[in-house]
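# What the coordinates show
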Amino acid sequence: MKSIVAITVASCLAVTTAAAQTSQQSMPGMDMSQHDMTNMQNPPNHTDQQIQEPANPMTPTGAAWPMPELLQEVNGRPPKKLSEFIQLGDTNNPTLKQAAAIVRRSEAQAKQAGLYPNPSIGYQGEQIRGGSFGGGEHGAYIAQSIVLGGKLGLRRNIYEQQKKSDEASAEAQIERVHGDIAQAFYKTLAAQETVVVRRRLLKLTLDAVETVHQLTNVGQADAPDILQSEVEAEQAKIEYTTAQRNFLQNFRVLAAAAGKSDLPASPLDGVLDAIPDIDTEHIVATIIQDSPTVKQALLDITVAEATLKDAKRESIPDLQLKAGEQYNFETVSVLPTKAAGPQSFASAGVNLPIWNRNQGAKQAADADIDRAQQELQRVKLSLRQQAEPLVQMYLSSKFEADRYRTQLIPRAGQAYQLYLQKYQSMATAYPQVLVSQRTLFQLQVSYIQALSIAWQNAIALQHLTLKGGLEAPTATGTATTINLPGGGGRE
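Turning to a nonpolar patch on the surface, a few remarks are in order. A cluster of nonpolar side chains, contributed by Val350, Leu352, Ile354 and Trp355, occupies part of the molecular surface with about 510 Å² of accessible area. Counting through the fold element by element, Val350 comes out in strand β4 (residues 338-350).

Written out as structure tokens, the structure is:
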């Protein structure tokens, strides 16, 4: 009789053992190359009942809803790679177009600042009432300002340097967009892996519910075992549903970073456990020396120096030329009556820089150079301040992921198998199997989280700590009016 019971118990636990072996063979850290979520199937639908001591061991207690599947349509779509999202971002992210427009604006401002003043023409009359002179003098003139001191070239140079600064800002914005997309991609990939792990756990818990009911039928399990197994199954359903929704949420964030918020969710094609190997000391030095924000700060100094040079030249007066032709109706003879006739006139002059020598503008430009130099130092210090925590978090999470992969998960998997074998031989209680099972899968989830954090920090370092791919890019200059056609100079 004992041999018959043992055979029955062994046969009833075969499903759980096979599922556990499958779980250990495909757990994160052992084989992270599996990203296929397309083979998910629903378990049998059970009838809702109130929790109670089971009169029929084969009848489940409590509410046993079917396995929630939110990603069936998603899994039917072709997987997307990181490079595809980068291409989408380059094409659709509005901040990149804004940055390009800022560069074009500075280029146009440089062109406008260097335009020569327009000439002016007009009518000139003198002694119009005539009197004894017989009608006065009437004519036309043309006037032209001649810009001296090379001021036009200096004005244009300010905006040419500003354009270079804006180009550095545009380069920084590209890094921000690409960095945000890459971080969102690997965060979503981690969420996808978590869905796979949570589904494996749910499958095991549902199989365990069936197994416990079979064991109860042969007198080898009781009501507490049934209730505990069903609690684990319901908890696994909640976690599986949450994991699926977390994937959808992260995919929406990824699509928004790429500028395509209406992009249908699809699986991702990537390898989560291939964490990049980074020389942290070298990359921090690279960030401080080669970051586009440092380049922009250096170019802002150049803009301020160009502004000071122009301010020193602005006190040089322009030459004002004026010439015209008029007809003089003054009578020069009585018999016969004869007017003086055509006559020409010309004038030339300059403003005397006595009171206004552009002193305030020169002082302001000099102060702006000091501000720009201090801004360069501030940017470098800020970059180091941002980079150092990223380095430590990268190293810590990489170490953590390695320990999960090589130490924790293998041991937890072995412990789970041993407890399962003891339970099959009736040497341990079923709750201990559940505890070891949950520990194993929780370690797998923690491993995925450690990989995700390592990726986030590695990407942040690779993209020079720049973030904010959907924040409006900054401009060096402003959209002020420059060198109006009627103004004759820079404003």
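Here we take up helix α4 (residues 82-92). Taken as a whole, α4 has its buried residues at Phe85, Ile86 and Gly89. An end-on view of α4 places all buried positions within 105° of arc, on one side of the element. Where the residues of α4 are buried, they touch α5 (94-113), α6 (151-217) and α7 (223-257).

What follows concerns the packing of α6 against helix α9 (residues 292-313). One can describe the packing of α6 onto α9 by two numbers: an axis separation of 9 Å at closest approach and a directional angle of 170°. It follows from the interaxial angle that α6 and α9 lie roughly antiparallel.

So, on to the packing of α9 against helix α10 (residues 359-424). Direction vectors running N to C along α9 and α10 enclose 170°, while the axes themselves pass 8 Å from each other. By the angle between their directions, the pair α9 and α10 is classed as roughly antiparallel. Counted together, Thr293, Val294, Ala297, Leu298, Asp300, Ile301, Ala304, Glu305, Thr307, Leu308, Ala311 and Lys312 of α9 and Ala361, Lys362, Ala365, Asp366, Asp368, Ile369, Ala372, Gln373, Leu376, Val379, Lys380 and Leu383 of α10 form the full contact between these two elements. Across the contact of α9 with α10, the residue classes tally to 14 nonpolar, 3 polar and 7 charged.

Counted by the stated rule, this structure contains 5 aromatic pairs. Taking 3.7 Å as the distance between ring centres and 10° as the angle between the ring planes, the aromatic pair formed by Tyr186 and Trp455 counts as stacked. Placement of the pair is Tyr186 in helix α6 and Trp455 in helix α11 (residues 430-462), with a sequence separation of 269 residues. There is no split in this pair, since Tyr186 and Trp455 are both buried. Through pairs of rings, three or more aromatic residues link up here, namely Phe85, Phe185, Tyr186, Phe247, Phe251 and Trp455.

For the rest of this paragraph, the subject is the pattern of salt bridges. Tallying each qualifying case throughout the model produces 18 salt bridges. The residue Lys203 makes a salt bridge to Asp207 at a minimum N-O spacing of 2.9 Å. Pair noted here: Lys203 and Asp207 are both in helix α6, with a separation of 4 residues, about one helical turn. For Lys203, a relative accessible area of 38% gives the class partly exposed. For Glu388, the salt bridge is made with Arg384, and the minimal N-O distance between the two is 3.3 Å. Placement of both Glu388 and Arg384 in helix α10 is noted, with a separation of 4 residues, approximately one turn of the helix. Classification of Glu388 by relative accessible area gives partly exposed; the value is 32%. Here Arg384 falls in the partly exposed class, since its relative accessible area comes to 41%. Linked through salt bridges whose partners overlap, the residues forming this network are Arg198, Glu232, Glu239 and Arg438.

Calculation notes
- Residues numbered from 1 in each chain as written.
- Predicted model: local features only at pLDDT ≥ 70, side-chain atom pairs only at ≥ 80, totals over all residues.
- Heavy atoms only, no water.
- Patch = residues over 30% accessible without salt bridge, like charges linked within 9 Å, V, L, I, M, F, W, Y side chains within 5 Å.
- Areas by Shrake-Rupley, 256 points an atom, 1.4 Å probe, with all protein chains shown as cover.
- Salt bridge = Lys/Arg side-chain N within 4 Å of Asp/Glu carboxyl O.
- Helix = DSSP H or I, 4+ residues; strand = E, 2+ residues; numbered from the N terminus.
- Buried < 20%, exposed > 50% of the residue type's maximum accessible area, 1.4 Å probe, protein only.
- Arc of directions from axis to C-beta.
- Contact = heavy atoms within 4.5 Å.
- Axes fitted to C-alpha atoms, helices over the stretch in contact; angles between N-to-C directions.
- Parallel < 35°, antiparallel > 145°, perpendicular 65-115°, else oblique.
- Nonpolar A, V, L, I, M, F, W, Y, C, P; charged D, E, K, R; others polar.
- Phe/Tyr/Trp six-rings, centres within 6.5 Å; stacked < 30°, edge-to-face > 60°.

Treat this as a map of the structure, not an account of what it does.
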